[in-house]
Amino acid sequence: MDISVIKIGGNVIDHKENCTEFLKLFAHFPGVKVLVHGGGVMASRIGSSLGIVPNMHNGRRITDKETLDVVTMVYAGLINKNLVAELQAYGQNSIGLTGADGNAITSRKRPIKDVDFGFVGDIENVNTTLLETLLGQNIAPVFSAITHDGKGQLLNTNADTIASEIATALAKSHNVKLYFCFDKKGVLMDADDPETLVPLINEDIFKALLQDQVIHSGMIPKLENAFNALNKGVSNVWMGLPENLLLAAKGENAGTTIESL
Ligand SMILES: Nc1ncnc2c1ncn2[C@@H]1O[C@H](COP(=O)(O)OP(=O)(O)O)[C@@H](O)[C@H]1O
Ligand SMILES: CC(=O)N[C@@H](CCC(=O)OP(=O)(O)O)C(=O)O
């Protein structure tokens, strides 16, 4: 099968109009597809309103017990169910999942090294049989950023990592393309200036831009996940604005394409 794995960032879905525009696009995107959504900005805001202050390290959330409850409610509940309901309205049958549903994604609580990330899971397995069954019925799986350890514990997992690991697992038997849609035109030399787009990036350029702090915060895990997918058999990896998704699918350069060395 030709499969598109599309990730949508929290900064896009946090704006109703942008979210709706993206979901219509996703519903009409040709072929078989999987959606993975973030929502970090919403979890931070809703958590803060409950007195649970966000704690980030290099773009990744430190997830204590209270934060895990917040992210479960916000990602797997509020966001995931609203996205699925809206997709149904656009004629795209879809099913909202955490990693626990259908045993879709198992992960292991990250061991404590320099930093204790708390209830954060590193992915161990993606249930491709389940995904193939759903995709074969033209039901789009819609994943929130929650996985489980198989022993009853839910874990928070970066949504870019989920997209990358799903794409990689499916790439063992299918032709998979991975698209990261977010609130910027792509990788930028100046994150506030869309005119400074970097149209192609490889790992050497990434390391140099990281050193110069041109790339920071959430862009670090996004690019690490992009290279991970490319190095493990995903045929194309792209990042950019949701409205440029169709151009990207046609191979037109409207964002940043990730290249292997
Ligand atoms: N060089 C860069 N180019 C574009 N964005 C960058 C760059 N460095 C850091 N960023 C930041 O990374 C963010 C994207 O990461 P993140 O917030 O995790 O995305 P998402 O919306 O997908 O969750 C951008 O909104 C931007 O603020
Ligand atoms: C462990 C970890 O960092 N989890 C992420 C999951 C959500 C996410 O990735 O959302 P965006 O795509 O909107 O950033 C978090 O809680 O922020």
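As the structure is a computational prediction, the values presented were derived from the model and not from experiment.

A.B. asks: When you look at the site of ligand 1 in this model, what are you seeing that I'm missing?
C.D. replies: Close contacts around ligand 1 come from 18 residues, with K7, D183, L188, V214 and K222 the closest. At 2.9 Å, a side-chain N or O of D183 approaches an oxygen atom of ligand 1. Separating a nitrogen atom of ligand 1 from a backbone N or O atom of L188 is a distance of 2.7 Å. When the free accessible area of ligand 1 is taken as 560 Å², the share hidden by the protein chains comes to 85%. Elements with a minimum of two residues in the shell around ligand 1: helix 1 (10–13) and helix 8 (219–231). Partitioning the shell around ligand 1 into residue classes produces seven nonpolar, seven polar and four charged.

A.B. asks: Would you mind showing me how to read the nonpolar core here?
C.D. replies: Judged by nonpolar contacts, the single largest core of 78 residues is most densely connected at V5, F143, I166 and L223. Those residues in contact with V5, other than ones at most four positions away along the chain, are V34, V36, A163, I166, A167, L170, V176, K177, L178 and Y179.

A.B. asks: Got a minute to help me understand the pairing of strand 2 (residues 32–37) in this structure?
C.D. replies: Two faces belong to every sheet, and in a regular strand the side chains alternate between them. The buried fraction of strand 2 amounts to six of the six residues, a majority that puts the element mostly inside the structure. A two-sided burial pattern is seen for strand 2, the buried positions comprising V32, V34 and V36 on one face and K33, L35 and H37 on the other. Bridge count for strand 1 (residues 2–8) against strand 2 is six bridges, and the pairing is parallel. Directly across from V5, in strand 2, lies its bridge partner V34. The pairing of strand 2 with strand 8 (residues 140–143) spans two bridges and is parallel. When the bridges of strand 8 are listed, L35 appears paired with V142.

A.B. asks: Explanation requested: the packing of helix 6 (residues 159–170) against helix 8 in the structure shown.
C.D. replies: The geometry of helix 6 relative to helix 8 is characterised by a closest axis approach of 9 Å and an angle of 5° between their N-to-C directions. Classified by the angle their axes make, helix 6 and helix 8 are roughly parallel. Taking contact as the criterion, the partners of D160, T161, S164, E165 and T168 in helix 6 are, on helix 8, K222, N225, N228 and A229. Residues of the contact of helix 6 with helix 8, tallied by class, amount to one nonpolar, five polar and three charged.

A.B. asks: Explain the packing of aromatic side chains to me, please; I cannot follow it from the model alone.
C.D. replies: Two descriptors summarise a pair of aromatic rings, namely the distance from one centre to the other and the angle between the planes of the rings. Applying the stated criterion across every chain, the model contains four aromatic pairs. Relative to F26, the ring of F22 has its centre 6.2 Å away and its plane inclined at 40°; by these criteria the two rings are tilted. Here F22 and its partner F26 are both found in helix 2 (residues 16–28), four residues apart, which amounts to about one turn of the helix. The pair F22 / F26 is uniform in exposure class, with both members buried. Summarising the aromatic geometry, the rings of F29 and Y179 are spaced 5.7 Å apart at their centres and angled 75° between planes, so their arrangement reads as edge-to-face. Note that F29 is positioned in the loop between helix 2 and strand 2 and Y179 in strand 11 (residues 175–181), a separation of 150 residues in sequence. Overall, Y179 belongs to the buried group, its relative accessible area being 4%. Here the aromatic cluster, defined as three or more aromatic residues joined through ring pairs, consists of F29, Y179 and W238. Taking the ring centre of F119 as reference, the NZ or CZ of K109 above it sits at 5.4 Å.

A.B. asks: Help me understand the UniProt feature "site: Transition state stabilizer" (unreviewed entry) in the chain in this model?
C.D. replies: Per the UniProt record, the feature "site: Transition state stabilizer" (unreviewed entry) sits at K7 and K222. Across 216 residues in sequence, these annotated residues keep their C-alpha atoms within 10.4 Å of one another, forming a single compact spot. Summarising the element assignment, K7 is placed in strand 1. Side-chain polar atoms of K7 contact the side chain of D160, separated by 2.8 Å.

A.B. asks: Teacher, can you tell me more about helix 4 (residues 65–89) here?
C.D. replies: Because an α-helix packs 3.6 residues into every turn, residues spaced three or four apart end up facing the same way. Between its first and last C-alpha atoms helix 4 spans 35 Å; for 25 residues at 1.5 Å apiece the expected length is 36 Å, and the two agree. Two residues or fewer after helix 4 comes G91, characterised by a positive phi angle close to 85°.

Parameters and conventions
- Residues numbered from 1 in each chain as written.
- Chains lettered and ligands numbered in written order.
- Predicted model: local features only at pLDDT ≥ 70, side-chain atom pairs only at ≥ 80, totals over all residues.
- Heavy atoms only, no water.
- Near = heavy atom within 4 Å.
- Polar contact = N/O pair within 3.5 Å; in protein donor to acceptor, adjacent residues only side chain to side chain.
- Areas by Shrake-Rupley, 256 points an atom, 1.4 Å probe, with all protein chains shown as cover.
- Helix = DSSP H or I, 4+ residues; strand = E, 2+ residues; numbered from the N terminus.
- Nonpolar A, V, L, I, M, F, W, Y, C, P; charged D, E, K, R; others polar.
- Core = buried A, V, L, I, M, F, W, Y, C linked by side-chain atoms within 4.5 Å.
- Buried < 20%, exposed > 50% of the residue type's maximum accessible area, 1.4 Å probe, protein only.
- Contact = heavy atoms within 4.5 Å.
- Pairing = 2+ DSSP bridges.
- Axes fitted to C-alpha atoms, helices over the stretch in contact; angles between N-to-C directions.
- Parallel < 35°, antiparallel > 145°, perpendicular 65-115°, else oblique.
- Phe/Tyr/Trp six-rings, centres within 6.5 Å; stacked < 30°, edge-to-face > 60°.
- Lys NZ or Arg CZ within 6 Å of the ring centre and 35° of its normal.
- UniProt positions renumbered as here; feature names shortened; annotations may be inferred.
- Expected span 1.5 Å × (residues − 1).

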